[in-house]
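Residues per chain are reported as follows:
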Amino acid sequence: MEKWSTNIWEGRKVRLRAYEMADLETMFRHQQDTEIARRDYMIELPYSRIAFEKSIAKKAEPDSDNRQLVIETLEGTLIGGLAIGETNSRYGTFSIGLGLPERSEWGKGYAKEAILLALRYMFHEANYQKCNLGVYAFNTRAIAAYRHIGFVEEGRIRRAYFSAGQYHDEVRMGMTREEFSEKYPEWCILLE
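Bear in mind that the values here come from a model prediction, so they are computed numbers and not experimental data. (Residues numbered from 1 in each chain as written. Predicted model: local features only at pLDDT ≥ 70, side-chain atom pairs only at ≥ 80, totals over all residues. Heavy atoms only, no water.)

### Topic: the nonpolar core
Core analysis: the biggest nonpolar cluster contains 35 residues, and Leu82, Phe94, Ile115, Leu119, Tyr146 and Phe151 have the highest contact counts within it. Looking at this core, the elements that each hand over two or more residues are strand E1 (14–18), strand E2 (67–73), strand E3 (78–88), strand E4 (93–99), helix H4 (110–124), strand E5 (130–136), helix H5 (140–149) and strand E7 (166–176). If we ignore the near neighbours within four places in the chain, the residues touching Leu119 are Phe94, His124, Cys131, Phe151, Met175 and Phe180. In terms of nonpolar packing, the next biggest core, distinct from the first, is built from seven residues, Tyr19, Met27, Phe28 and Phe52 among them. (Core = buried A, V, L, I, M, F, W, Y, C linked by side-chain atoms within 4.5 Å. Buried < 20%, exposed > 50% of the residue type's maximum accessible area, 1.4 Å probe, protein only. Helix = DSSP H or I, 4+ residues; strand = E, 2+ residues; numbered from the N terminus. Contact = heavy atoms within 4.5 Å.)

Structure, rendered in structure tokens:
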């Protein structure tokens, strides 16, 4: 087995890091892709560059255990973002969301590794016990990817999202710390 990085936020393909103002141009370009916006969250009215710069600055500020992180290749190419949110230390729950707008990087395992990096930290360093997420029912690619990672479908919120002239269900999925540890025991050995 290959040696792990000494940085808990770095895997064999990608690293997670905080947003920097140098990311502005790439993220602004990503924001212009309405197909990706529809899948990730929603299509919004256009942002000015100034407003977008303020949103990047806000993402860079810590908010308890909620974080907006950049996904970049080990070569330093920014390819997307991962959000850790809805953190509840009393119940030990959190959510994740992921956007990988660089279509040329799809299918290479980057999204999976980014999610595993976040789960490893949240479960085995921050002491959370369950990850929840929501994905729009029409995003079958994401649903299949989350199932492959080990997330279990827990329910469906009917007509929770409106886009392209119609309402769509939101599929709710989850993974516990025990499920993660059983499926990925090699990810539980932290930085030996």
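That was the structure; now back to the text.
### Focus on the confidence of the model for the protein chain
For the protein chain, per-residue confidence averages 86 on the pLDDT scale, and residues scoring 70 or more make up 87% of the total. Per-element mean pLDDT across the protein chain ranges from 64 in helix H2 (residues 34–40) up to 97 in helix H6 (residues 177–183). (pLDDT = per-residue confidence, 0-100.)

### What about the pairing of E5?
With respect to burial, E5 is a largely interior element, six of its seven residues being buried. Inspection of the sheet shows E4 paired to E5 by three bridges, in the parallel sense. Looking across to E5, one finds that Thr93 is bridged to Lys130. Running through H4, the crossover from E4 to the neighbouring parallel element E5 is right-handed. As defined by bridge partners, E5 adjoins E7 across seven bridges and the pair is classed as antiparallel. Looking at E7, one finds that Leu133 is bridged to Met173. (Pairing = 2+ DSSP bridges. Right-handed = clockwise from strand over helix to strand, strands pointing away.)

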